[in-house]
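# Fold and contact review
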Amino acid sequence: MSLEELFKKKGRKVNVNKVMDQLKTTAKTFGLAFENTTMTYNSRLAQEMGLWAQTKGFGHSFHMETFKAYFANGENIGQKDVLLRLAERAGLDYNEGKKVIETRKFSDAVDSDWRLSKAKGVAAVPSFFIGLDRLVGAKPYEILKRLIDKYNETNIKA
């Protein structure tokens, strides 16, 4: 499905080119490869594989491989063979990954995450919740640190 179709389906008027330009600028700030992508894919299995990768200590490397595959290379991260290749690149075992996909071992955990996100009103990722504050979108380290420092100062004074 194209990004324009996705936003239309969700009833949101969005200038996809403007959003892509903003995302590209943000990615550049963080030193991440990013190309304009016009398609969106069902990332459900990627989310399940990501949780599995976290349990194995490879969460960050799997997420980075998945980010590059989709945002830099335009790959369909909803395809099992793509996910298994990414898992291997991240240092995970191919056969174990295949079993995770076949059994949908992390499906309930992703369902739980989705319910929590919906309850908290998450509409974009990443979203950070610290105390009563919310920070949405990729932000520089200094902004995250400022929010954490604010939270720590509030708790110290209390």
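Everything discussed here concerns the structure shown above.
Presented here is a report on the structure given in the accompanying data block. A quick note: this is a predicted structure, and the numbers were derived from the prediction, not measured. (Residues numbered from 1 in each chain as written. Predicted model: local features only at pLDDT ≥ 70, side-chain atom pairs only at ≥ 80, totals over all residues. Heavy atoms only, no water.)

### Brief notes about the pairing of strand β1 (residues 127-130)
Spelled out, the test is: A pair of strands is considered paired only if DSSP assigns at least 2 bridges between the two. Strands are runs of DSSP state E lasting at least two residues, helices are runs of H or I lasting at least four, and both sets are numbered from the N terminus onward.
One ladder, built from 4 bridges, connects β1 with strand β2 (residues 133-136); its direction is antiparallel. By the bridge assignment for β2, Ile130 is matched with Asp133. Here β1 hands over to β2 after 2 residues, with Gly131 in that stretch at a positive phi of 60°.

### Side note on the packing of helix α3 (residues 44-55) against helix α6 (residues 94-103)
Cut-off, in case you're wondering: For helices, the axis comes from a line fit to the C-alpha atoms of the stretch in contact; other axes are also lines fit to C-alpha atoms, and the angle between any two N-to-C directions lies between 0 and 180 degrees. Roughly parallel means an angle under 35 degrees; roughly antiparallel means over 145; roughly perpendicular covers 65 to 115; every other angle is labelled oblique. Put simply, a crossing is left-handed when the front helix is turned counterclockwise from the back one by less than a right angle, and right-handed when it is turned clockwise. Whether two residues are in contact is decided by their heavy atoms, any of which lying within 4.5 Å being enough. Each residue receives one of three labels: charged for Asp, Glu, Lys and Arg, nonpolar for Ala, Val, Leu, Ile, Met, Phe, Trp, Tyr, Cys and Pro, and polar for the others, Gly being one of them.
Viewed as axis vectors pointing N to C, α3 and α6 meet at an angle of 130°, and their least axial separation amounts to 10 Å. It follows that α3 is oblique to α6 by the angle criterion. Between α3 and α6 the crossing geometry is right-handed. Residues Leu45, Met49 and Trp52 of α3 touch α6, and the partners they reach there are Glu96, Gly97, Val100 and Ile101. Across the contact of α3 with α6, the residue classes break down as 5 nonpolar, 1 polar and 1 charged.

### Looking at the packing of aromatic side chains
We count it as follows: Only centres within 6.5 Å qualify two rings of Phe, Tyr or Trp (six-membered ring in Trp) as a pair; their planes then separate them into stacked at under 30 degrees, edge-to-face at over 60, and tilted for everything else. Think of it in three bands: residues with accessible area under 20% of the maximum for their type are buried, residues over 50% are exposed, and the middle band is partly exposed, with areas taken using a 1.4 Å probe on protein chains only. A ring has a charge above it when a Lys NZ or an Arg CZ is no more than 6 Å from the ring centre and no more than 35 degrees off the ring normal.
This model, assessed by the stated rule, comprises 3 aromatic pairs. Measuring from ring centre to ring centre gives 6.1 Å for Tyr41 and Tyr70, while their planes differ by 85°; the resulting arrangement is edge-to-face. Placement of Tyr41 in the loop between α2 (16-29) and α3 and of Tyr70 in helix α4 (residues 59-72) is noted, with a sequence separation of 29 residues between them. You can call Tyr41 partly exposed: its relative accessible area is 25%. Judged by its relative accessible area of 10%, Tyr70 falls in the buried class. Taken together, a centroid distance of 4.7 Å and an interplanar angle of 40° make the contact between Phe67 and Phe71 tilted. Of this pair, Phe67 and Phe71 both sit in helix α4, 4 residues apart, which is roughly one turn of the helix. An aromatic cluster of three or more residues is present, and its members are Tyr41, Phe67, Tyr70 and Phe71. The ring of Trp114 carries Arg44 above its face, with NZ or CZ at 5.1 Å from the centroid. For Lys120, the ring lying beneath its charged end belongs to Phe129, and the centroid distance is 5.2 Å.

Taken by themselves, the reported measurements are silent on function.
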